[in-house]
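The residues making up each chain are set out below.
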Number of protein chains: 2
Amino acid sequence: MDTLKMKLQDVIDSRMDEFYDYLRLDSVSTQDRKIPETVEYVKGMLEKTGGEVQVLDDLGGNPVVYGFFPAGKGGNKDKTLLFYNHYDVQPEDPIDEWESAPFEPTVKDDILYCRGVADNKANLMVRLNAIQALLDSEEGLSCNVKFLIEGEEENGSPSLGGYLEKYADLFKSDACIWEFGGKDEDENYVIEAGIKGMAYFDLYVESADVDIHSSIGAVVDNAAWRLTHALASLRNADNQVLVEGFYDDITPPTDFEKEVVARKPFDEEKTKELYGLKHPLITKDLEWTPNEALAFYPTMTICGFISGYTGPGSKTVLPRAASAKLDCRIVPGQDPEKIHKLIRTHLDKNGFEDIKLDLIKAQKAFRSDLKNNFVDIVVESAKKAYGEGTDVVLSPNNAGTGPMYNFDKYLNLPVLSSGCGWANSKAHAPNESVRLKDFFEGTAHMAYLLQDFGK
Amino acid sequence: MDTLKMKLQDVIDSRMDEFYDYLRLDSVSTQDRKIPETVEYVKGMLEKTGGEVQVLDDLGGNPVVYGFFPAGKGGNKDKTLLFYNHYDVQPEDPIDEWESAPFEPTVKDDILYCRGVADNKANLMVRLNAIQALLDSEEGLSCNVKFLIEGEEENGSPSLGGYLEKYADLFKSDACIWEFGGKDEDENYVIEAGIKGMAYFDLYVESADVDIHSSIGAVVDNAAWRLTHALASLRNADNQVLVEGFYDDITPPTDFEKEVVARKPFDEEKTKELYGLKHPLITKDLEWTPNEALAFYPTMTICGFISGYTGPGSKTVLPRAASAKLDCRIVPGQDPEKIHKLIRTHLDKNGFEDIKLDLIKAQKAFRSDLKNNFVDIVVESAKKAYGEGTDVVLSPNNAGTGPMYNFDKYLNLPVLSSGCGWANSKAHAPNESVRLKDFFEGTAHMAYLLQDFGK
């Protein structure tokens, strides 16, 4: 192990208790839990590392934490790397399926379990540990470093655009490292150069003022049936969205992007095993490969629904109301507002005018130029950190969602991912985790990047 | 008011506190609440009225209470009228929608609210009050009276058939008055001569071992979509069941039954107003009238479903599991087990082999012979009780469900309904109620019937 890596391990060990306390804060933004406490805690973590901190909260929403670390004596004061993170986490339910307390960091077989550890608290700690190791050494940072740490990412980042617009000068940087990243099912370290957007909807329908004895079902419809038929009309069982115009605005991937995607391995059997899938992948009638589907094409997902009686035994009612949550992951070229209009029109045309459709989260997609020099720097520093046992793989586009589009719009810079997640991190699901080995290697990646970026 | 009616009012008043205590017992059979206490209480009510009581519990399930009152001195010892009641009630949820505590009897504007009052505790009280008034008078009962009061009606009466089979001699009677009955939207007093059956199903599907981040929805299906498509395939938006063979076994209604149904008024506007319906009735492409649909044709109803995240805000997951409750009201000729097989075959044929389908409640339908002399006795005694302001209307078939089929099978007798419900009784829904006026008139009907039946 080289000197830097030994130093990193020391720093990691010395800040583990601090990290655990950060994980214990159940900062669930969609439920407004522990937000002020977490902001205060994050501010303290940055200050302890030696950063200048500002808490921005003049535009509403959960506060945005700004951090700044200047380049060292031998560093390049004209280059700035921006780290994007978020301090909020997903809700912990279904709580029954956790094998340890969701908000108590628990290590088992060198794996650290906690809600929010992979998405995205470990990545903040990784970056702070890397900075501290370099600041403690003689060389210092090769560039300026800024942080933007928001608290509404799991809620669609509704305030982030406003803060980036108003504070564009404060956050001005040359490139950005995204909040997440990590290894895939084949233990490749994947660097993402883009991200999908999102249109998330609440659907709601009422059929009556009261629940009615189900015998009347001979002549009276109910909300559960109406919602079922409306949902079934939106997407077929083979994963094809049936809403007219849904696919029209997709920016076609370039040949180079397709080539990069084609290089990425995809192992269907491993994916099935990983999640315990009960059915084949739903890609049979699509014109694109699974990897292309994940990178370049939009999805439509029922994230949940509820209506009527769902307890034990039976209750015979016509439910008066029904609701569902629908999530569309959209791609460059698509606009959430337009998707909203298209689905509304589809429902109206099919006799579902009465079904309420509210767009509760909207986010455009973004993809960096893969030929930008920043791509090479991130890839090469990753190779140094991960060594020969791990392939470093570039991906034009992650299948998940984040507010990357705003960084392009207001700061106009390339954005790449880096993080310490793994294929079984279970972000958004019970038993979310990070492996301690990845936590170390992710720290090394950031340290090498911070050595090289200013050169 | 004649002497009998005055006497009835006295008896009603004297037993109102006892009735309220009966209502306070939250005897929810599907949740196993207060069953032994309620059995004991019912036994006490019968004994207080002067009946001989046996509690039958040797065949499992909730106990069946048997009661016997012999014909009076001038009465006909060779004729026996059987009253069927149940002491169990539906669950009270959604509890938020109750305007008074669900299990606290509350009178407002001469309407008595409580879970179980209409279905079916008031009808037991009505019958006991009528018997007591006659026993207190010189004439006594014109016939023997028996009671069968079970505790699993709201759970599909799984044990009743067994008790009727074993105790057929004990319950042997000449005719039976059903547990419920009452007035429709137009204030007609409706006497039902039959009842639908039921096949009630739990549906359940799993798509993975874990909830998955919804970005993977580009290639991986989820349980919510699978259940949606499966349900949508079973019945169309116009109320037509699409399961092959579903309608095949229906016993066609006779011309006389059709004629009786055609006499029954049906007021679409009143039905819509009563429940606050948001949509037109779903009868547009059916070959039968609304009243025929209610009496003679089967239904398929989603009583509830649940999957994934249904809380506030958003959560982006592929739900690993989804479940639904499906209720088919079936008619004479149809068999619940066969309906089960037909739906299973339909699901398998349409690619939904993985969807579990459990028949959790099964009940055949029954319709009495409308030309039986008992029909006239019940109709004529009702006319005396309700007077000229109320039309007494015969219906071959109620749209609801009950274990009437077993009474035909083991006791071989005609069964007619009588009760003190009204169109806004909200059986199975919040704010269930009975009007005090109907409670009195229902008592009068039973008293006149008990004067006439033995003659």
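Conventions used here
- Residues numbered from 1 in each chain as written.
- Chains lettered and ligands numbered in written order.
- Predicted model: local features only at pLDDT ≥ 70, side-chain atom pairs only at ≥ 80, totals over all residues.
- Heavy atoms only, no water.
- Helix = DSSP H or I, 4+ residues; strand = E, 2+ residues; numbered from the N terminus.
- Rg over C-alpha atoms; globule rule 2.2 N^0.38 Å.
- Buried < 20%, exposed > 50% of the residue type's maximum accessible area, 1.4 Å probe, protein only.
- Contact = heavy atoms within 4.5 Å.
- Areas by Shrake-Rupley, 256 points an atom, 1.4 Å probe, with all protein chains shown as cover.
- Lys, Arg positive; Asp, Glu negative; His and termini not counted.
- Charge placed at Lys NZ, Arg CZ, Asp CG, Glu CD.
- Phe/Tyr/Trp six-rings, centres within 6.5 Å; stacked < 30°, edge-to-face > 60°.
- Salt bridge = Lys/Arg side-chain N within 4 Å of Asp/Glu carboxyl O.
- Buried area = accessible area lost by both parts, 1.4 Å probe.
- Polar contact = N/O pair within 3.5 Å; in protein donor to acceptor, adjacent residues only side chain to side chain.
- Nonpolar A, V, L, I, M, F, W, Y, C, P; charged D, E, K, R; others polar.
- Pairing = 2+ DSSP bridges.
- Axes fitted to C-alpha atoms, helices over the stretch in contact; angles between N-to-C directions.
- Least-squares fit on C-alpha atoms with pLDDT ≥ 70 in both.
- UniProt positions renumbered as here; feature names shortened; annotations may be inferred.

- As annotated in an unreviewed UniProt entry, chain A carries the name Acetylornithine deacetylase/Succinyl-diaminopimelate desuccinylase and comes from Marinilactibacillus piezotolerans.

1. Some thoughts on the overall build of chain A
Then, in step 1: Looking only at helices and strands, one finds 14 helices and 20 strands in chain A.
Then, in step 2: Expected size for 455 residues packed as a compact globule is a radius of gyration near 23 Å; at 23 Å, chain A falls within 12% of this value.
Then, in step 3: Projected onto its principal axes, the C-alpha coordinates of chain A cover approximately 80 × 45 × 45 Å.
Then, in step 4: Residues counted as buried form 65% of the 455 residues belonging to chain A.
Then, in step 5: Long-range pairs, those at least 24 residues apart, make up 82% of the contacts in chain A between residues at least 6 apart in sequence.
Then, in step 6: A total of about 16200 Å² of accessible surface is found on chain A, and carbon and sulfur atoms cover 47% of it.
Then, in step 7: Side chains of chain A carry 49 positive and 77 negative charges; the gap between the two charge centres is 1 Å.

2. A short note on the packing of aromatic side chains
All names here are of chain B.
Then, in step 1: Within the structure shown, the criterion is met by 31 aromatic pairs over all chains.
Then, in step 2: Their ring planes at 40° and their centres at 6.4 Å tell us that F19 and Y20 sit as a pair that is tilted. As far as the burial class goes, F19 and Y20 line up, both buried.
Then, in step 3: When the centroid spacing of 5.4 Å and the interplanar angle of 70° are considered together, the rings of Y66 and F171 count as edge-to-face. Here the residue Y66 occupies a position in strand β2 (residues 64-69), and F171 occupies one in helix α6 (residues 168-171), the gap between them amounting to 105 residues.

3. Things to note about the pattern of salt bridges
Pairing of side chains with opposite charge becomes possible as their charged atoms draw close.
Residues and elements named next belong to chain B.
Then, in step 1: Counting across every chain of the model gives 70 salt bridges over all chains.
Then, in step 2: One salt bridge in this structure joins D354 and R226, with 2.8 Å as the shortest N-O distance. Note that D354 is positioned in the loop between α11 (336-349) and β15 (356-363) and R226 in helix α7 (residues 223-234), a separation of 128 residues in sequence.
Then, in step 3: Given the relative accessible area of 27%, D354 is considered partly exposed.
Then, in step 4: Classification of R226 as buried rests on a relative accessible area of 11%.
Then, in step 5: Ionic pairing is found between E257 and R367, a salt bridge with its closest N-O pair at 3.2 Å. Of this pair, E257 sits in helix α8 (residues 255-263) while R367 is found in strand β16 (residues 366-367), placing the two residues 110 residues apart along the sequence.

4. Let's talk about the interface of chain A and chain B
Then, in step 1: In this complex, chain A contributes 90 residues to the contact, which on the side of chain B involves 90 residues.
Then, in step 2: In total, chain A and chain B occlude about 7700 Å² of area from one another, counting both sides; carbon and sulfur atoms represent 60% of this.
Then, in step 3: Summed over the shared surface of chain A and chain B, the result is six salt bridges.
Then, in step 4: Among the salt bridges present, the one from D221(A) reaches R235(B), with a minimum N-O distance of 3.1 Å.
Then, in step 5: Where chain A packs against chain B, one counts 45 residue pairs in polar contact (both at pLDDT 80 or more).
Then, in step 6: Top contributing element to the side of chain A that touches chain B by residue count: helix α7 (residues 223-234) of chain A, with nine residues.
Then, in step 7: Looking at side-chain class alone, the side of chain A that touches chain B contains 41 nonpolar, 29 polar and 20 charged residues.
Then, in step 8: Note: strand β12 (residues 301-308) of chain A against strand β12 (residues 301-308) of chain B, five bridges, orientation antiparallel. If you follow G308(A) over to β12(B), its bridge partner there is G304(B).

5. Observations concerning the sheet that holds strand β1 (residues 52-56) of chain A
Residue and element names in this part refer to chain A.
Then, in step 1: Here we have six strands laid out as an open sheet, ordered β1-β2-β6-β3-β7-β19, and mixed in their pairing. Strands at the two margins of the open sheet, each flanked by one partner only, are β1 and β19 (415-416).
Then, in step 2: Pairing geometry for strand β2 (residues 64-69) and strand β6 (residues 143-150), over five bridges, is antiparallel. Within β6, the residue paired with G67 across the bridge is F147.

6. Quick word on the sheet that holds strand β5 (residues 111-113) of chain B
Residues and elements named next belong to chain B.
Then, in step 1: Ordered in space as β4-β5-β20, the three strands form an open sheet in which the pairing is antiparallel. Of all the strands in the sheet, the pair left with one neighbour each is β4 (106-108) and β20 (433-435). Neighbour to neighbour, the strand axes of the sheet diverge by 25° on average, direction disregarded.
Then, in step 2: The sheet contact formed by β4 and β5 spans three bridges and is antiparallel. Residue K108 lies in a different strand from β5, and its bridge partner there is I111.
Then, in step 3: Sheet strands in contact with helix α4 (residues 117-136) are β5 and β20, and its direction is about 45° off that of β20.

7. A few points about the relation of the copies chain A and chain B
One copy of the chain maps onto the second through a rotation around an axis plus a translation along that axis.
Then, in step 1: Mapping chain A onto chain B is achieved by rotating through 180° and translating by 0.1 Å along the same axis, at an RMSD of 0.1 Å. Those values place the two copies in the arrangement expected of a two-fold rotation axis. Ranked by how close their C-alpha atoms come to the rotation axis, the residues of chain A are headed by I306(A), at 2.2 Å.
Then, in step 2: A share of 100% of the interface residues of chain A reappears at the interface of chain B, consistent with the copies meeting face to face through the same patch.

8. A look at the UniProt feature "domain: Peptidase M20 dimerisation" (unreviewed entry) in chain A
Then, in step 1: When the UniProt feature table is mapped onto this chain, "domain: Peptidase M20 dimerisation" (unreviewed entry) is found at residues 195-351 of chain A.
Then, in step 2: End C-alpha to end C-alpha, residues 195-351 of chain A measures 35 Å, and it is 32% helix and 22% strand.

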